[in-house]
Each structure stands twice: as structure tokens, then as C-alpha cells.
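Notes for the structure review
Given next are the chains, with one letter for each unit.
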Amino acid sequence: MLGINENDRWRLGFHLMPPTGWLNDPNGLCEFNGEYHVFFQYTPDNPEGGMKYWGHYLSKNLVEWEYAGIALSPEKEFEKCGVYSGSALVAGGRMNLFYTGNVKLQGDYNYITDGRQANTILVCSEDGRTFGEKKCLLTNTDYPENLTCHVRDPKVVPGKSIGAENNKNYMFLGARTQDDEGEVLVYESSGTKNWKLVNTLTSTEKFGYMWECPDAFMLDGRKILSVSPQGVEEQEGNYQNLYQSGYFELTGRFEGSYRLKRFKEWDRGFDFYAPQTFEDSHGRRILIGWIGMPDDPGQRNPTVARGWQNALTVPREVFLKDGKVMQYPVKEISALQKKEETLRVGESSRAMRMYDAHIETKVNSDIIVTVSDGIKLQYSLVDHYFTLEFLKECDLGCGRRKRSVYLEKCNAIRILADTSCLEIYLNGGEEVFTTRFYTDSGASSFCIEKGAEAATYWEMNPMKYIVPENIL
């Protein structure tokens, strides 16, 4: 089953996840012909990963979803080792999908500086469901000579969406140099097939060895470059995960002279990576991230024993407020709420599989909220840190322990709880924590111990899934 399943207590109710097997990066996010499209990296037959395909979900309202099966498979020589991440450009009445075709050669290679081909591929669709002939646009010989074989994850956007002074399209590719520095290549095209390198974006000082999953867009005139850097060491309480995901604000031009400001993380939780965004027909910038963290041996997901692993965040609207980049669940999620209820300080809610809790905090007070007696959410007025901590004696985090962020003040906390996933939004989306957690029953409760008079919360209905008979 795709949705919540009484026989599997950790199947999620309002987060997209794989029908079976492994899910990672969201891909090809777009709105096309009145439907939202979410593609995702997919290994259908192995919950621990393997050969990559693109799975496909569709929705008209972001809360009722149709699983459309596998959209892209590694069928050609230029992608024979996996259909890797990419993006969608809706133009000319078509959905244009760009992705990396992965090839690993047989032999004694390290697959960093040799033995790997990273091909940039285009495939188009007239209806958003069936896809035409694949065309290889760029190969390793088309990339700068100072790069390793790690060049991938094309994000293609129209020039107007990034403030370019022309009507061309722009492709952003994540890259790793031979000096082990991350950067983003910027290509330009008058259409979708012929691309010319016009810029390279990187930080003044080294910031990781590889920049994956680039994205570029504008928020009310401010230019944002989103990347997922690997190899960044923890600094002053930031960058606590093995790999990071965040953004630079860019001054100048994506395709010309520029300067990158300080990197800011999208999400402070244990399980968040490789986000992508798109603009919908309402003018909203919507972000979806992968609820997962690759290569981290310190945390585990017991769903592997049940044949599946990982999920995607709820769609989040990204916007500016008081000069800050914010992210908050799209309003459509509220359609899943049941009857409104109130919880007072010191009380514990009943156990629920899914709920949405809104907590307005006291001014000038420490805050403590617990989830199922095993997870502590705490804000301290002494050091102004908000902390998400799994208590060791319970180990609801399956190896996850503690994550923190500096926050000048904490006025509001919103908790989206879904069987085995928490998304925690602070101050209306100023900071976010996403994590997996695993109770024995798949249900959880919450209690305000300090720092608020009461909370408003709603038990949630699961999303609706449609699975055509010919798909599974």
C-alpha cells in the first residue's frame, strides 16, 4: 500500500514515500496541465538503494495523489548505471525533463577522477505521463577540465526567473573540482538542446568538496542559490549533519559577476537533504526535500525490514518575511485536519497516528515540549538555543540524538507528526527541524511542560492515494 497501513505502523499518512524499496531526491518538480508533478529517485526492489529510476506522483491539490509508476528507467548506454537527479522546465507546451545519466565503467577506477561518465540528458512529454526519445546533451568532455567526474543534477530555469536580462534558459549543474572544492556550473541556451557554459559559481573560501542538487530562483527581487554541499565541517553549532542543504543569497548576476553571502541551512533536523523548488500557477515558490540522510552510519530506519525506506517532506511555501527567508507547509495541508482540540500546560494529548499542533509560547520563558516521553523540544532563554533531543533510554530516534539552532526568540512552534516523521516549524518557518522517529505503536502524543498556556491541535486524516490497477 502507498498510504497508511494498519499492518505497517510506520507507513506515513500525509508524506509521499516509496510504494516499496528506496526513495531519495525529489526530481522534476513542476505544475503542468493543471497537475502537480513530483518525480523521485527510486530503487523499487531494494530498501537500501541500488539502480536508480524515477518514480512519479501526480496531484491536482497537493493532498490527493496518484501514483503513476516508474517514469524513467536506465535503458540507454549513456545512463546504463542509473537515472540520476534532475529537474523540469515547462516550455513550449511540453514538460522538458533534464537529468544525469550515470555510467560506471568496468575496471580498477576510483570513480571520482576516473571511471565515471556523468551525462546530461533531455526527455520531453506532451501529456506529463508518457515520455519521448532521450537525447544526450552534455558529456564529461563538455565540462571544464579542472573538474572530476562528479558533475550532476541539472536544474533548468527560464532566465526571467533568475533576473537575467534576456529570454534564454539557464542550466545549473553541481560539480566537484580536482582540488576537492564544490561549485556550480551555469549554462545558457536559447532553447533546450544547445548549451554554452557562461559562468561558475563558488564560495570565496572552500565550502565542501561537492555541491549537489543546485537550484536558483528569486524571492521578491532577492536572488537565491540553493545547494547541498558535502564535506562541510561543523562550525559554531551549524552544519551538524554529515551532509548539508541550504542556500546562499547572491548579489550580482547568476550569469555574470556575483558575490555569495553566508550559507544558511534549510532545515536543522537529522533527516533533510537534496531539496528542490518550483513556482506554481499561484505564484508560490514551493520546496520539497528528501526526508533522509545518505551515508550516515549513526542513524537507522527500521522500515528497511518492512521493505521500504525514506520519504519526502510536505510541500513548503518559501517566502520572505521581515527580511528573512521563511518556509511553511502549504495551506492545502490544513484540509486534512479533523476537529480542533485544545491542550493545556501539563496535560498530555491522547496518542494519535497523525496530528498538527500549534503552540503559542510565553514571552520571556524557557520552553519544554515532549513527544511520547522520548523526544524533548526545548528553548533556553539563557543561550537562546532551540534543541531537538532524543532521550537515550527510549531511543525513539534509532541512533539520532541532538540537534540545535540559535534563535533570538521562540514565539511559536508547529509540530506536524505523521506516524514516523516529525516536521517542526519555529516562528512561522524561520527555522525547521525534520526527523524520523519510531514509536512501538506508530502513534505519538505530546505534552507542554513549560512555556505556553495551551496548544491548539488537530488529529489529521491521511492523504488519499490513487493507484491505477495496471501500475502495481
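The structure this text deals with has already been given above.
Right, let's walk through the structure included here. (Residues numbered from 1 in each chain as written. Predicted model: local features only at pLDDT ≥ 70, side-chain atom pairs only at ≥ 80, totals over all residues. Heavy atoms only, no water.)

Overview of the pairing of strand β22 (residues 316-321)
As a reminder, the rule being used: Note: two strands are recorded as paired if DSSP finds a minimum of 2 bridges between them. The helix and strand labels rest on DSSP assignments: H or I over at least four residues marks a helix, E over at least two residues marks a strand, and numbering proceeds from the N terminus.
Relative to β22, strand β19 (residues 285-291) is paired through three bridges, and the arrangement is antiparallel. Within β22, the position partnered with Arg 285 by the bridge is Val 318. Summarising the sheet, β22 and strand β23 (residues 324-329) pair through six bridges and their orientation is antiparallel. Paired with Lys 321 across the two strands is Lys 324, which belongs to β23. Hairpin geometry of β22 and β23 is characterised by an intervening segment of two residues between the two adjacent antiparallel strands and by a positive phi of about 50° at Asp 322.

Focus: unusual backbone geometry
Where we set the bar: Three exposure classes are used, based on accessible area relative to the maximum for each residue type with a 1.4 Å probe and protein chains only: buried under 20%, partly exposed in between, and exposed over 50%.
A positive phi is found at Cys 213, a non-glycine position, where the angle reads about 45°. Mapped onto the elements of the fold, Cys 213 is located in strand β13 (residues 210-219). For Cys 213, a relative accessible area of 4% gives the class buried. The phi angle at Asp 322 is positive, at roughly 50°, despite the residue not being glycine.

Some details on the environment of Asn 140
Under the convention used in this document: The criterion used for residue contact is that any of the two residues' heavy atoms lie within 4.5 Å. Pairing of N or O atoms within 3.5 Å defines a polar contact, subject to two protein rules: one partner must be a possible hydrogen donor and the other a possible acceptor, and residues neighboring in sequence count only if both atoms are side-chain atoms.
Along the chain, Asn 140 falls in the loop between β8 (135-138) and β9 (147-158). The contact partners of Asn 140, leaving out residues within four places of it in the chain, are Arg 116, Gln 117, Ala 118, Asn 119 and Cys 149. A distance of 3.3 Å separates a polar atom in the side chain of Asn 140 from the backbone oxygen of Arg 116. Among the polar contacts listed, one links the side chain of Asn 140 to the backbone nitrogen of Ala 118, at a separation of 2.9 Å.

Description of the sheet that holds strand β2 (residues 35-43)
Sheet strands line up and pair through hydrogen bonds in the backbone, either parallel or antiparallel. Spatial ordering of the open sheet is given by β20-β1-β2-β3-β4-β35, a layout of six strands whose pairing is mixed. Each having just a single partner strand, β20 (308-309) and β35 (464-466) make up the two edges of the open sheet.

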